[in-house]
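Coordinate inspection notes
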Amino acid sequence: MARIEVHADRVIIRLTAAEKTVALRRRDVVLDRSAIRSAMITEDPWVWIRGIRSPGAGLPRGLAYGTWRTRGGRDFVLARRGREAVVIDLDVPESADENRGWVGEFDTFSRVIVSTVHAADLVRALRLDGAGYEADTTE
């Protein structure tokens, strides 16, 4: 599974080569930490997935990797059955749709759902100001 790094100004979700392939992504997910509105743990990530998968892959209630598009923007999902997930809601800048042609410093997702065995540690790290954190979600 992906490795999640929490820095003072950003959250980086480092995807494995297999995850990039299945999610149809070329690079890691980088989130602006100041844009995070909320982060919570869920036992059932499937109820939080919204919209239509585009692009990505999924098996019903088994795995979901990739981007889901909704009226409110885009969501990124890395969910696996049998693992807790962290649901991170973000503020999306109003100009996000205008800048779709170029790769920016941060990804413009409105929600990110990541399955991890370190869910509590990740949520705790997101609440701390300026603290560094790194979690490997492979256990």
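Above this note sits the structure.
A short tour of the structure in this document, coming up. The shown structure was predicted, so the numbers you read here are calculated from the model rather than taken from an experiment.

**Observations regarding the nonpolar core**
With 26 residues, the main nonpolar core has Ile13, Leu31, Phe76 and Val112 as its most contacted residues. Elements represented by at least two residues in this core include exactly β1 (3-6), β2 (10-14), β3 (29-32), β7 (73-80), β8 (85-90), β9 (111-115) and α2 (119-127). Excluding its chain neighbours within four sequence positions, the residues that come into contact with leucine 31 are Asp9, Arg10, Val11, Ile13, Leu90, Phe106, Phe109 and Val112. One finds Trp46, Val77, Ala85 and Ile113 within the second-largest nonpolar core, a separate group that totals 8 residues.

**A short note on the pattern of salt bridges**
Summed over the entire model, instances satisfying the criterion amount to 13 salt bridges. In this structure, the salt-bridge partner of arginine 10 is glutamate 105, at a minimum N-O distance of 2.6 Å. In this pair, arginine 10 is assigned in strand β2 and glutamate 105 in the loop between β8 and β9, connecting sequence segments 95 residues apart. Taking the shortest distance from any N to any O, the salt bridge between arginine 50 and aspartate 75 comes out at 2.7 Å. In this pair, arginine 50 sits in the loop between β4 (36-42) and β5 (52-59) while aspartate 75 sits in strand β7, placing the two residues 25 residues apart along the sequence.

**What about the pairing of β8?**
Looking along a regular strand, one sees side chains alternate from face to face of the sheet. Where burial is concerned, most of β8 is hidden: 6 out of the 6 residues are buried. The alternating pattern of β8 places Ala85, Val87 and Asp89 and Val86, Ile88 and Leu90 on opposite faces, both of which are buried. Note: β4 against β8, 6 bridges, orientation antiparallel. The partner of alanine 39 across the bridge, within β8, is isoleucine 88. Pairing of β8 with β9, which is carried by 5 bridges, proceeds in the antiparallel orientation. Within β9, the residue paired with aspartate 89 across the bridge is arginine 111.

Cut-offs used in this document
- Residues numbered from 1 in each chain as written.
- Predicted model: local features only at pLDDT ≥ 70, side-chain atom pairs only at ≥ 80, totals over all residues.
- Heavy atoms only, no water.
- Core = buried A, V, L, I, M, F, W, Y, C linked by side-chain atoms within 4.5 Å.
- Buried < 20%, exposed > 50% of the residue type's maximum accessible area, 1.4 Å probe, protein only.
- Helix = DSSP H or I, 4+ residues; strand = E, 2+ residues; numbered from the N terminus.
- Contact = heavy atoms within 4.5 Å.
- Salt bridge = Lys/Arg side-chain N within 4 Å of Asp/Glu carboxyl O.
- Pairing = 2+ DSSP bridges.

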